[in-house]
Amino acid sequence: MTKFVVTPANVAQRDAWAGGAIPEVERVRPGLWSVPVPIPVNPLRYVLVYVLELPDGVAIIDAGWNTDEAYDALVDGLAVAGYAITDVKGVLVTHIHPDHYGLAGRVREMSGAWIALHPADARLVRERYDDAAIDSLVERERELLRRCGVPELTLDELAGASMMIRHVVTMAKPDRLVEDGDELGLPGWDLRAVWTPGHSPGHLCFVSPARRVLFSGDHVLAKITPIVAVHPQSGPNPLADYLDSLAAVRKLDVEEVLPAHEYRFLELAERVDTVMAHHDERLAEIERVVGSLDGAACWDLATRLTWSRPWETIPPFMRRAANNETLAHLAWLEARGRVRRVAGEQDLWFPA
Ligand SMILES: [Zn+2]
Ligand SMILES: [Zn+2]
């Protein structure tokens with residue numbers, strides 16, 4: 001049975017997450033619902049889609065993967081809130097990762113809703129999800145990995161590692177581009193966009209000053225830290241962008257954070273401080289490892305860092321993320337003059 005509990009940071013959602021279950025559809029505030037939409041074969045298990053009631057329907061924040069299971073969960077969740085898929089007027093997408101943006105096109109097809117994205121992510125859609133353009137992206141990823149010193153034998157496997165999930169996205173061009181500070185103009189909502197690049201170049205959070213909630217997407221989560229990595233579609237120093245974006249949301253006066261995964265929580269500033277401290281430690285560790293070697297490629301450095309499990313047991317897709325995340329930290333250290341890159345066939349990293 002679905003419970004209609006309106007309390008900040010409802011513990012039921014946290015307990016469901018901790019217990020490995022999918023939480024209930026919840027009424028978070030009057031006129032605001034949270035609908036968990038399952039994502040297959042992924043430890044995150046579900047994305048939390050937020051349903052914002054409007055006088056003539058609803059807007060949703062994020063959509064889920066493009067699978068029948070996800071679509072059905074979204075339709076069922078909307079029904080609990082008293083709405084049909086045809087009532088969706090708009091889809092605000094925090095960023096173009098498949099678990100957020102994948103289902104947006106299908107929702108638009110069924111409802112005529114508009115889709116909104118930040119221009120920096122809108123620009124990446126075609127290359128990322130169009131069959132005609134994908135080869136060049138894989139080629140650029142391959143070149144990036146090669147310069148990182150990824151062994152020739154594993155290059156192809158790693159370069160194409162995310163291709164298997166492309167079928168869970170329909171390529172949908174956005175109808176609206178949303179920039180930093182834009183008011184969304186949803187009737188009954190004082191919703192404002194906060195551009196938070198880092199995890200994705202066009203990542204958006206949405207804040208409602210009146211309701212004192214922050215829809216944080218993947219930018220700030222209760223337990224995990226989002227991947228911040230150098231890849232062909234990232235900027236040169238995404239970690240600097242990310243840390244700046246953390247500082248930007250830390251200033252917001254909100255009571256509750258409504259993230260896209262795990263569970264909602266209070267104390268935004270404390271959580272931001274913890275995430276910043278995590279990156280400080282990571283930067284210090286990488287600087288130490290660089291200092292202990294006399295010129296090493298990014299891949300070799302990555303294999304020497306502490307990960308949540310032994311390097312040999314990390315699957316290829318995760319190894320690529322680990323490598324590219326290490327590269328993001330190296331690029332940050334390089335910009336601060338704490339390490340030195342010597343470019344060549346392979347880029348080698350030295351103490352400053
Ligand atoms: Zn993401
Ligand atoms: Zn996500």
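Every value quoted in this text rests on a predicted model; they were computed, and no experiment measured them. (Residues numbered from 1 in each chain as written. Chains lettered and ligands numbered in written order. Predicted model: local features only at pLDDT ≥ 70, side-chain atom pairs only at ≥ 80, totals over all residues. Heavy atoms only, no water.)

**Brief notes about the pairing of strand β14 (residues 348–351)**
Within a regular beta strand, the side chains point alternately toward one face of the sheet and then the other, so they alternate between its two faces. Here is the rule we go by: At least two DSSP bridges between two strands are needed for those strands to be called paired. Counting from the N terminus, the helices are DSSP H or I runs at least four residues long and the strands are E runs at least two residues long.
Judged from the 2 bridges that link them, strand β12 (residues 296–297) and β14 form a sheet pairing that is antiparallel. Its bridge partner lying in β14, Ala297 is registered against Leu348. Two strands pair when backbone bridges link them, and strand β13 (residues 339–342) and β14 are joined in this way by 4 bridges, in the antiparallel orientation. Bridge pairing in β14 places Val342 opposite Leu348. Hairpin connection between β13 and β14: a loop of 5 residues separates the two successive antiparallel strands.

**Section: the coordination of the zinc ion (ligand 2)**
What counts, and what does not: Nitrogen, oxygen and sulfur within 2.8 Å of a metal are treated as its donors, or within 3.2 Å for sodium, potassium and calcium (Na, K, Ca); water is not counted, so a site can appear incomplete. Think of it in three bands: with a 1.4 Å probe and only protein chains considered, a residue is buried below 20% of the maximum accessible area for its type, exposed above 50%, and partly exposed in between.
On the protein side, the zinc ion (ligand 2) has Asp99 (OD), His100 (NE2), Asp218 (OD), Asp218 (OD) and His261 (NE2) as donor atoms, found 2.1 to 2.8 Å from it. Counting gaps between the donor residues of the zinc ion (ligand 2) yields the pattern D-H-x117-D-x42-H. Separating the zinc ion (ligand 2) and the zinc ion (ligand 1) is a distance of 3.5 Å, and Asp218 donates to both of them. Taken together, the residues span a long stretch of sequence, with Asp99 in helix α3 (residues 98–101) and His261 in the loop between β11 (256–259) and α10 (268–292) at a distance of 162 residues. Assigned by exposure class, Asp99 and His261 land together as buried.

**What to know about the coordination of the zinc ion (ligand 1)**
What counts, and what does not: Irregular is the default label, applied whenever a site is not tetrahedral (four donors, all angles between 85 and 135 degrees) and neither square planar nor octahedral (four or six donors, opposite donors over 155 degrees apart, all other angles between 65 and 115).
Protein coordination of the zinc ion (ligand 1) is provided by His95 (NE2), His97 (ND1), His199 (NE2) and Asp218 (OD), with donor distances spanning 2.1 to 2.3 Å. Its 4 donor atoms give the zinc ion (ligand 1) angles of 90 to 177° at the centre, a pattern that matches the irregular case. Sequence spacing of the donor residues for the zinc ion (ligand 1), all on one chain, is H-x1-H-x101-H-x18-D. With a relative accessible area of 0%, His95 lands in the buried category.

**Comments concerning the pattern of salt bridges**
Pairing of side chains with opposite charge becomes possible as their charged atoms draw close. Convention followed: We define a salt bridge as a contact between a side-chain nitrogen of Lys or Arg and a carboxyl oxygen of Asp or Glu at a distance within 4 Å.
One pass over the full model with this rule turns up 17 salt bridges. Linking Arg142 and Glu152 is a salt bridge whose minimum nitrogen-to-oxygen distance equals 3.8 Å. Placement of Arg142 in helix α7 (residues 134–147) and of Glu152 in helix α8 (residues 152–159) is noted, with a sequence separation of 10 residues between them. The class of Glu152 is exposed, set by a relative accessible area of 54%.

**As for the packing of helix α9 (residues 238–250) against α10**
The line we're drawing: Angles run from 0 to 180 degrees between N-to-C directions of axes, and those axes are lines fitted to C-alpha atoms, restricted for helices to the stretch in contact. Put simply, angles under 35 degrees are roughly parallel, angles over 145 are roughly antiparallel, angles from 65 to 115 are roughly perpendicular, and the rest are oblique. By definition, any crossing whose near helix is turned counterclockwise from its far helix by less than a right angle is left-handed, and any crossing with a clockwise turn is right-handed. Contact criterion: two residues are considered in contact whenever any of their non-hydrogen atoms come within 4.5 Å of each other.
Two elements in contact, α9 and α10, have axes separated by 9 Å at closest approach and are oriented at 160°. Classified by the interaxial angle, the pair formed by α9 and α10 is roughly antiparallel. As α9 packs across α10, the resulting crossing turns out to be left-handed. Between α9 and α10, the contacting residues are Leu239, Tyr242, Leu243, Leu246, Ala247, Val249 and Arg250 on the first element and Leu268, Ala269, Val272, Asp273, Val275, Met276, His279 and Leu283 on the second.

**Topic: the side chain of Glu325**
In plain terms, the rule: Charged residues are defined narrowly, with Lys and Arg counted positive, Asp and Glu counted negative, and His plus the chain ends left uncounted.
Topologically, Glu325 is positioned in helix α12 (residues 316–335). No salt bridge is formed by the buried Glu325, whose closest oppositely charged neighbour, Arg282, lies at an N-O distance of 6.3 Å.

**Considerations on the environment of Asp241**
Among the structural elements, Asp241 can be located in helix α9. In this structure Asp241 comes out as partly exposed when scored by relative accessible area, which is 33%. For the pair Asp241 and Val228, spaced 13 residues apart in sequence, the C-alpha separation works out to 9.5 Å.

**Details of the sheet that holds strand β9 (residues 204–208)**
Here we have 4 strands laid out as an open sheet, ordered β8-β9-β10-β11, and mixed in their pairing. Bordering the open sheet on either side are β8 (192–195) and β11, each of which pairs with just one other strand. In this sheet, neighbouring strand axes are inclined to one another by 25° on average, regardless of whether the strands run parallel or antiparallel.

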